[in-house]
Amino acid sequence: MLFELFELKDVRHTYLRDTPFATEALRGLSLTIPEHQITALVGPTRSGKSTVVDILAGLIKATPGTLFFQGEDVMAPSFDRERLRTSVGVVFQSPESQIFEETVGKDVSFGPLRKGASFAESRRLVQTALEDVGLPYEDFRTRYTYALSGGEKRRVAIAGVLALQPAVIIFDEPMAGLDPRGRRELLALIEHLKQTQQMTIIYASSSLEEVVGLADTIHVLERGQLAFSGAPREILARANELVKLGIELPEAVRIALVLREHYPEFPTTVLTLDELEEAIVQHEELRIRSGRQQP
Ligand SMILES: Nc1ncnc2c1ncn2[C@@H]1O[C@H](COP(=O)(O)OP(=O)(O)OP(=O)(O)O)[C@@H](O)[C@H]1O
């Protein structure tokens, strides 16, 4: 059974309110985020994704509106805000900026030690977190952070968040600046975290391509409101609306749509290039079996 970890109800947020520069970032946003799932927030630039992330992390108040965390109103006087802060870990855009210690071991242990963990406990947490992100502890603990590759820095930043043992981890545009290999590795890492740790993962991105093969649910945002939500295939079935919102369709779907111009029955809700390949093979087999020779 799915439990809601977060629920936003009619949340609004205006930056620089009561100034000539006021910007309405959220305009009555309502959505839910279940536990132990990967939920993606997808929308074009300035649709409000980062503002939602800041609200979930407790950095911005969700008023007017209401934010529920595990069924409790975050703004209620009895709510323990410390519980929210310790339950939510955020990997912000350019997570390299979250690294500030000289060595990997020192950087990842900073959070646990600050929280009062003993040296032995902190060592255990750092070891587990580094192994979880695919950086062997003995190999990496004494490495200088400035000498790491971009992908390794991102992993160290994620390990720093994992070492705090959050119940939910939020990634805000985590692929920015990574090369295709770094992207593939990070996607595999996020999938691994979900599978092995049962973590609740929230993934904010302007790229639908990044999330269709990963997310259980996708919320599509448009100018501070929820446009629509659904499982990846349900979202891809609304290709025309996505294009209207300025969201680029994943490559596999773009190719499938071209194929559909020739074969009207060709499926267009393919999540990955592998699925597209499978759909082409199946379609060809069907065509051959039915003996039809179409263009
Ligand atoms: N600190 C801020 N001060 C003033 N306006 C802001 C601030 N942060 C965001 N905004 C404005 O709020 C709106 C929503 O921005 P937000 O960053 O939440 O959207 P986003 O979907 O994450 O965009 P992007 O993909 O470009 O990061 C935009 O119009 C943005 O200019």
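To keep things clear, this report deals only with the structure shown in the data block. Here the residue index of a chain counts from 1 through its sequence in written order. The predicted nature of this model means local features are confined to residues of pLDDT at least 70 and side-chain atom pairs, given and counted, to a pLDDT of 80 or more, with totals for whole chains, interfaces and linings taken over all residues. Note that water and hydrogens are dropped before the side-chain values are worked out from all heavy atoms of the structure.

1. Some remarks on the sheet that holds strand 4 (residues 66–69)
Working step 1: Each pair of strands is called paired provided DSSP finds at least two bridges between the two strands. What counts as a helix is a DSSP run of H or I of at least four residues, what counts as a strand is a run of E of at least two, and both are numbered from the N terminus. Here we have 4 strands laid out as an open sheet, ordered 2-1-4-5, and antiparallel in their pairing. Edge strands, defined here as strands with exactly one partner in the open sheet, are strand 2 (23–34) and strand 5 (72–73).

2. Overview of the environment of Tyr146
Working step 1: As for its position among the elements, Tyr146 is in the loop between helix 5 (137–140) and helix 6 (150–162).
Working step 2: Under the scheme applied here, a residue whose accessible area is under 20% of the maximum for its type counts as buried, over 50% as exposed, and between as partly exposed, the area being computed with a 1.4 Å probe on protein chains only. By relative accessible area, Tyr146 is classed as exposed at 64%.
Working step 3: Through-space distance from the C-alpha of Tyr146 to that of Glu102 is 7.3 Å; in sequence the pair is 44 residues apart.

3. Details of the sheet that holds strand 9 (residues 217–222)
Working step 1: Spatial ordering of the open sheet is given by 6-7-8-3-9-10, a layout of 6 strands whose pairing is mixed. Two strands in the sheet have a free side with no partner beyond their single neighbour: strand 6 (88–91) and strand 10 (225–230). Each adjacent strand pair in this sheet contributes to an overall mean axis angle of 20°, direction not counted.
Working step 2: Pairing analysis gives 4 bridges linking strand 6 to strand 7 (residues 168–172), with the strands arranged parallel. In the strand pairing of strand 7, Val88 is matched with Val168. Between N-to-C directions, angles cover 0 to 180 degrees, with each direction set by a line fitted to C-alpha atoms, over the stretch in contact for helices.

4. Structural notes on the pattern of salt bridges
Working step 1: By salt bridge we mean one thing: a side-chain nitrogen of Lys or Arg within 4 Å of a carboxyl oxygen of Asp or Glu. In the structure shown here, the tally under the stated rule is 15 salt bridges.
Working step 2: The salt bridge partner of Arg85 is Glu82, with a shortest N-O separation of 3.5 Å. Of this pair, Arg85 and Glu82 both sit in helix 2 (residues 81–87), separated by 3 residues, roughly a single helical turn.
Working step 3: A relative accessible area of 44% means that Glu82 is categorised as partly exposed.
Working step 4: Across the pair Arg143 and Asp139 runs a salt bridge, and its minimum N-O distance is 3.8 Å.
Working step 5: Among the residues examined, Arg143 registers a relative accessible area of 31% and is labelled partly exposed.
Working step 6: What makes Asp139 partly exposed here is its relative accessible area of 40%.

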